[in-house]
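Spelled out from the first residue to the last, the chains are:
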Amino acid sequence: MIAAVVLVVAAAATSFVWWGNPRMGEGGLIGPGEGMSWANDGVTNTRMVVRGRHAATVTATFSVRNDGHLPFTLHGLDVDTFEWLSHQQVTFEPGIPGFNGSATAQKQVTLAPEEEATVHWSLTMTCQPPMDGNSFTIEFLRFRISWLGIATTRDLPLEQPITFIGDNEAPSVPAC
């Protein structure tokens, strides 16, 4: 009898965790910003491109949506995964992406199910080591979130990735 109760409780808990698991909707692009341009395949824009280090800070604006059943809080980016991106930052504006210009940017935002927020992303380029002609692409942003008091991370896939293309001619920058 006790084993059956434990089994039922475990199944109910597993179902609740699966049902309530935080789900982030795909990051819709609101617009590329300073230091970025579009790559185009002749039909449509396929990605945002950063060439060399011509801007001190590159920026873009995305949206994030709660596709889950329970609210969660976004606390910012998890930048420990890739050292080169350690100087990236985000702020959030609650509400419909791109239309709430009067809102004050916040360091964190709580999203109820089906709610959206605007994500202002920036990366300080002045402290980055030279890429020496190499390139790499960001296809998602990894966020620190909390849900029911549990801290975790979630990836926000980007609708159009950001590609960084190194510039052999960029002057070396002192370490920050």
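In this report, we go over the structure that sits alongside the text. (Residues numbered from 1 in each chain as written. Predicted model: local features only at pLDDT ≥ 70, side-chain atom pairs only at ≥ 80, totals over all residues. Heavy atoms only, no water.)

## Describing the overall build of the protein chain
Selection criterion: Strands here mean DSSP runs of E at least two residues long; helices mean DSSP runs of H or I at least four residues long; both are numbered from the N terminus. When accessible area is computed with a 1.4 Å probe and restricted to protein chains, residues below 20% of their type maximum are described as buried, those above 50% as exposed, and intermediate ones as partly exposed. Here a residue-residue contact requires only that any non-hydrogen atoms of the pair lie within 4.5 Å.
Along the backbone of the protein chain there are one helix and 11 strands. Mapped in sequence order, the helices and strands of the protein chain form the string α-β-β-β-β-β-β-β-β-β-β-β. Across the 176 residues of the protein chain, 36% fall into the buried class. Of all intrachain contacts in the protein chain linking residues separated by at least 6 positions in sequence, the fraction that spans at least 24 positions is 73%.

## Observations concerning the sheet that holds strand S8 (residues 109-111)
Our working definition: Here, any two strands with at least 2 DSSP bridges between them count as paired. Every angle, taken between N-to-C directions, lies between 0 and 180 degrees, and every axis is a line fitted to C-alpha atoms, over only the stretch in contact when it is a helix.
An order of S3-S4-S11-S10-S6-S8 is seen for the six strands of this open sheet, with the pairing classed as mixed. A single partner strand is all that each edge strand has here, and the edge strands are strand S3 (37-40) and S8. In this sheet, adjacent strand axes meet at a mean angle of 45 degrees when their direction is disregarded. Pairing of strand S6 (residues 72-77) with strand S10 (residues 135-147) involves four bridges; the strand directions are antiparallel. Each bridged residue has a counterpart across the sheet, and for Thr73 the counterpart in S10 is Ser146.

## Some thoughts on the pattern of salt bridges
Note the following rule: We define a salt bridge as a contact between a side-chain nitrogen of Lys or Arg and a carboxyl oxygen of Asp or Glu at a distance within 4 Å.
According to the stated counting rule, one finds two salt bridges in the structure shown. In this structure, Arg65 and Asp67 form a salt bridge, with 2.6 Å as the shortest nitrogen-oxygen distance.

## Focus on the pairing of S10
Of the pairings in the sheet, the one linking S10 to strand S11 (residues 150-165) comprises 12 bridges and is antiparallel in character. From the neighbouring strand, Thr137 faces S11, where its bridge partner is Thr163. As consecutive antiparallel partners, S10 and S11 are separated by two residues, and within that stretch Leu148 has a phi angle of approximately 55 degrees, a positive value.

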